[in-house]
Amino acid sequence: MLVREEILRLPGYAYTGYEAEVKLDQNEAAEDLPPTLKSALFDKLQTVPLHRYPDLDAKRLRRSIAAHFKWPENGVVVSGGSNTLIRCLTIAGAIGRSVVSVKPTFPIYSDQARVLGAQLFEVPLKPDFSLPLDELRVTLEQHAGVIFLANPAAPTGNKFSQGQLEELLQVTSKNWIFVIDEAYHQFAGTSALPLVAQYPHVVSLRTFSKAYGLGGLRIGFALAQPELATEIRKVVMPFSVSSLQVMAAETVLELDDFFKKRVATTISERERVSEALKGLNLRTYPSVTNFILFSVPNPAYVFETLLTKGVLIRRQDHIKGLEGALRVTIGSKDQNNRFLESLRIVLGEESYG
Ligand SMILES: *Cc1c(COP(=O)(O)O)cnc(C)c1O
């Protein structure tokens, strides 16, 4: 056999990239950086010496992130996308031990546990998507490793209660790295940093892909207490974040006002789209993110027909507990209107249901 059994069994990441005029399937920002900001960024990138290796551990970017979040530089880990940090955390804490998460959740946690041969426990969320505290507690008390919780949660869009999180933090303090994946925190106005400051085993995982709208840049980072962050940095491949990524990420960190405005627009659009979906008598799940989960009686038909109308959203109906569910990313006002108008037509069609 050429390849390990675990790899042969993996289906690979489930994503099909369709072409569509209105692309609302990956929780991206609706628009690229405005032309003036983008050309200022590219002017800066011109100055990057490409014959030199980048900083080890993205040191300058770590310094900028540290200043931005008023957090010690040694408590910052940078890598090429937060998904690669999920791998690093699994390597650091879970190989030969365990990964615990809930389900449904972000699929990378379980994929990486399987790739790296960690024992995997996926505990189903309660029907209202709250944390299954009792079941989690039993598993956490019996094992050691890494627990991943996306908060705000994906693909469900809710956030977990602070009290429940703190209960789990108590149980895990001795032998679990507790990862709070905050990919969507700006849309919820939440931050796990106070918990990171309080607990030496907590990691807050952040990304430039969602609120910053720079998924193409591939930058993610983790905030933890320096002692833990120093161990995690040993697992990130040296020089793996390019000088171009570092320069670009440093530049956009300074555009705080721009991103704050954009997040505020997304939040108000989210509320508008959510109300409109309820107005169509669809089951709509509360969201504190930049996407909305809703369900329809015939998700395959709705997905395909929207696509023929140039609107791409994401099917989630294959996921246990999410029967009938579709997920739409909040786009620009025009994109959201195109989605809602097309959906109204699809739902009104004879062949529906
Ligand atoms: C989008 C997303 C990420 C971001 O991954 P990157 O690799 O940084 O693009 C991480 N976690 C969750 C839950 C996400 O939805």
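Structure first, text after, so check above.
Residues numbered from 1 in each chain as written. Predicted model: local features only at pLDDT ≥ 70, side-chain atom pairs only at ≥ 80, totals over all residues. Heavy atoms only, no water.

(A) Main features of the packing of aromatic side chains. Applying the stated rule across the entire model yields twelve aromatic pairs. On the numbers, 5.0 Å between centres and 65 degrees between planes, the contact of Tyr 53 with Phe 239 is edge-to-face. Taken as a pair, Tyr 53 in the loop between α2 (35–46) and α3 (59–69) and Phe 239 in the loop between α10 (226–233) and α11 (243–253) lie far apart in primary sequence, 186 residues in all. The exposure class of Phe 239 is partly exposed, given its relative accessible area of 37%. Aromatic side chains Tyr 212 and Phe 259 sit 4.9 Å apart centroid to centroid with 70 degrees between the ring planes, which places their arrangement in the edge-to-face category. Pair noted here: Tyr 212 is in the loop between β7 (202–207) and β8 (220–223) and Phe 259 is in helix α12 (residues 256–279), with a separation of 47 residues, a long-range link. Judged by relative accessible area, Tyr 212 falls into the buried class, the value being 6%. (Phe/Tyr/Trp six-rings, centres within 6.5 Å; stacked < 30°, edge-to-face > 60°. Helix = DSSP H or I, 4+ residues; strand = E, 2+ residues; numbered from the N terminus. Buried < 20%, exposed > 50% of the residue type's maximum accessible area, 1.4 Å probe, protein only.)

(B) Spatial organisation of the pattern of salt bridges. Within this structure, the stated rule accounts for 18 salt bridges. When the shortest N-O distance is used, the salt bridge between Glu 73 and Lys 59 registers 2.8 Å. On the criterion of sequence distance, the pair formed by Glu 73 in the loop between α3 and β2 (76–79) and Lys 59 in helix α3 is long-range, its members being 14 residues apart. On the accessibility criterion, Glu 73 (22% relative accessible area) is partly exposed. The exposure class of Lys 59 is partly exposed, given its relative accessible area of 36%. Linked through salt bridges whose partners overlap, the residues forming this network are Lys 23, Asp 25 and Glu 28. (Salt bridge = Lys/Arg side-chain N within 4 Å of Asp/Glu carboxyl O.)

(C) Focus on α12. Its 24 residues give α12 an end-to-end C-alpha distance of 35 Å, which sits within 8% of 34 Å, the value for a rise of 1.5 Å per residue. Within α12, burial applies to Phe 259, Arg 262, Val 263, Thr 266, Glu 269, Arg 270, Val 273, Ser 274, Ala 276 and Leu 277. Next to the buried residues of α12 lie α8 (185–188), α11, β9 (283–284), β10 (291–295) and α14 (333–348). Immediately beyond the C-terminal end of α12, within one or two residues, lies Asn 281, with a positive phi of roughly 65 degrees. (Expected span 1.5 Å × (residues − 1). Contact = heavy atoms within 4.5 Å.)

(D) Expanded view of the sheet that holds β10. The four strands are arranged β9-β10-β13-β12 in an open sheet whose pairing can be described as antiparallel. Edge positions in the sheet fall to β9 and β12 (314–315), since each has one partner strand and no second. Running at roughly 10 degrees to β10, α12 makes contact with β9 and β10 of the sheet. (Pairing = 2+ DSSP bridges. Axes fitted to C-alpha atoms, helices over the stretch in contact; angles between N-to-C directions.)

(E) View of the site of the ligand. Neighbouring the ligand are Gly 81, Ser 82, Asn 83, Phe 106, Asp 181, Ala 183, Tyr 184, Thr 207, Ser 209, Lys 210 and Arg 218. Ser 82 places a main-chain nitrogen or oxygen 2.7 Å from an oxygen atom of the ligand. Here an oxygen atom of the ligand and a backbone polar atom of Asn 83 are 3.0 Å apart. Contact with the protein chains covers 92% of the free accessible surface of the ligand, which is 390 Å². Tallied by class, the residues present in the shell around the ligand amount to three nonpolar, five polar and three charged. (Near = heavy atom within 4 Å. Polar contact = N/O pair within 3.5 Å; in protein donor to acceptor, adjacent residues only side chain to side chain. Areas by Shrake-Rupley, 256 points an atom, 1.4 Å probe, with all protein chains shown as cover. Nonpolar A, V, L, I, M, F, W, Y, C, P; charged D, E, K, R; others polar.)

(F) Geometry of the side chain of Thr 251. Its place among the elements puts Thr 251 in helix α11. By relative accessible area, which is 11% here, Thr 251 ends up buried. Residues in contact with Thr 251, not counting those within four places in the same chain, are Leu 41 and Lys 44.

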